[in-house]
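# Structural overview for review
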Amino acid sequence: MANELNATIYYEDDADPNYLRNETVAVLGYGSQGHAHAQNLNDSGVDVIVGLREDSSSWEAAEADGLTVATPDEAAAAADVISILVPDTVQPAVYEAISDGIEAGNTLQFAHGFNIHYNQIQPPEDVDVTMIAPKSPGHLVRRNYENGEGTPGLLAVYQDVTGDAKQRALAYAQAIGCARAGVVETTFREETETDLFGEQAVLCGGIASLVKTGYETLVDAGYSPEMAYFECLNEMKLIVDLMYEGGLGAMWDSVSDTAEFGGLVRGDEIIDDHARENMESVLERVQNGEFAREWIVENQAGRPSYTQLREAEGSHEIEQVGEELRSLFAWAQEDEESDEESARVQA
């Protein structure tokens, strides 16, 4: 099961800023990633135009940040590199609106491969198509850059007609700060499929269901909701922080011997062969496009299932208990203020 590391990782010394020196980059969108890319590019001396709808609430914010703003079609027509950073669900419509202004030799740049991999956007054959995907929320991409630090990222080339696609993408990665930390080479297919699988089986779907099921098991057995919340949700962050900082080994070394032994002998009883089979099924539906078709149709229908599922998730008892308990922590007020500031940036 173990594989040797075989991905190529690029750093600042591998990137040549000259590939963007006389070029204009259009950043379409000014949300989480868009504002970070645009500001970092601008601070790196790259000529940047932010593309936004005329009625976008972010228009004034981008101008206040010292950036030139135009409509998406105007920005794309004026640019050599067009970085499409609007949400996946609206990218096809945005692409349709800018397609007439895309010229031979331009670069279409993405931060996620969904629409290219699943053919929702079919680029012309005479442009480069690349991806630079920071592995972090946009506000951290910006903060790390301002602190002189970097954010790891991914690099992929889907289409290279100029012969310079990879070098131009590396220059972009350097300009937003990713090359400071390291840029891992991948493909649009690999990035898309691993990203969707990770979200569904582990990061969002798997963890949320594991937490709720653990919580329900304790409450159904007569334990207080407060204790169930602390043990099954609150302490999850502490464990994940240990894994993030030093891998599973650091986590095992940091918990008690009792916790380590209990985890080692019981963990595989929870995530057993049946769970592995379910994960393989999730991966298969990502690989064969079934999930992509399901999500595309869901959006076309106005998101009825999505809305119902979100409402059910929000009404789960663990959310009410958690809201009350989180108010006891000092960081709760700090996070609320941070979220309000982030919402203003992304609006």
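Let me sum up the structure you'll find in this document. These numbers come from a predicted model, not from an experiment.

Turning next to the sheet that holds strand 4 (residues 68–70). The mixed open sheet is built from 9 strands, whose spatial order is 1-9-8-7-6-5-2-3-4. Every other strand in the sheet has two partners, leaving strand 1 (9–10) and strand 4 as the edge strands with one partner each. In this sheet, strand 7 (residues 128–134) lies alongside strand 6 (residues 107–110) in parallel orientation, the contact comprising 4 bridges. When the sheet's bridge partners are listed, Phe-110 is paired in strand 7 with Met-131. Packing against the sheet, helix 8 (residues 165–176) makes contact with strand 1, strand 2 (24–28), strand 5 (81–84), strand 6, strand 7, strand 8 (153–159) and strand 9 (183–185), and its axis sits at approximately 30 degrees to strand 7.

Val-25, Leu-41, Val-50, Ile-132, Tyr-172 and Val-183 are the most contacted members of the largest nonpolar core, which totals 31 residues. Looking at this core, the elements that each hand over two or more residues are strand 2, helix 2 (32–43), strand 3 (47–51), helix 3 (59–64), helix 8 and helix 9 (178–181). Looking at this core, the element that brings in the most residues is helix 8, giving 7 residues. Residues within four places of Tyr-172 in sequence aside, it is in contact with Leu-20, Val-25, His-37, Leu-41, Ser-83, Leu-85, Gln-109 and Ile-132. Ranked by size, the runner-up nonpolar core spans 25 residues in total, among them Leu-108, Ile-121, Val-127 and Phe-188.

Of note in this structure, Asn-119 is not a glycine but carries a positive phi near 65 degrees. Summarising the element assignment, Asn-119 is placed in the loop between helix 6 (114–117) and strand 7. Of note in the backbone geometry, Arg-303 takes a positive phi value of approximately 60 degrees without being a glycine. Examined against the element boundaries, Arg-303 turns out to sit in the loop between helix 15 (290–300) and helix 16 (304–314). Arg-303 gets classed as partly exposed once you look at its relative accessible area, which sits at 25%.

This brings us to a negative patch on the surface. The grouping of Glu-216, Asp-220, Glu-226, Glu-317, Glu-319, Glu-323 and Glu-324 at the surface amounts to a negative patch. For the negative patch, the secondary structure elements donating two or more residues are helix 11 (205–220) and helix 17 (317–326). No other element matches helix 17, which puts 4 residues into the negative patch. Judged by relative accessible area, Glu-317 falls into the partly exposed class, the value being 39%.

What follows is about helix 15. Turning to helix 15, its buried residues number three or more, namely Ala-292, Ile-296 and Glu-298. Projected down its long axis, helix 15 carries its buried residues within an arc of 160 degrees, all on one side. Lining the buried residues of helix 15 we find helix 6 and helix 16.

Cut-off values and rules
Residues numbered from 1 in each chain as written. Predicted model: local features only at pLDDT ≥ 70, side-chain atom pairs only at ≥ 80, totals over all residues. Heavy atoms only, no water. Pairing = 2+ DSSP bridges. Helix = DSSP H or I, 4+ residues; strand = E, 2+ residues; numbered from the N terminus. Contact = heavy atoms within 4.5 Å. Axes fitted to C-alpha atoms, helices over the stretch in contact; angles between N-to-C directions. Core = buried A, V, L, I, M, F, W, Y, C linked by side-chain atoms within 4.5 Å. Buried < 20%, exposed > 50% of the residue type's maximum accessible area, 1.4 Å probe, protein only. Patch = residues over 30% accessible without salt bridge, like charges linked within 9 Å, V, L, I, M, F, W, Y side chains within 5 Å. Areas by Shrake-Rupley, 256 points an atom, 1.4 Å probe, with all protein chains shown as cover. Salt bridge = Lys/Arg side-chain N within 4 Å of Asp/Glu carboxyl O. Lys, Arg positive; Asp, Glu negative; His and termini not counted. Charge placed at Lys NZ, Arg CZ, Asp CG, Glu CD. Arc of directions from axis to C-beta.

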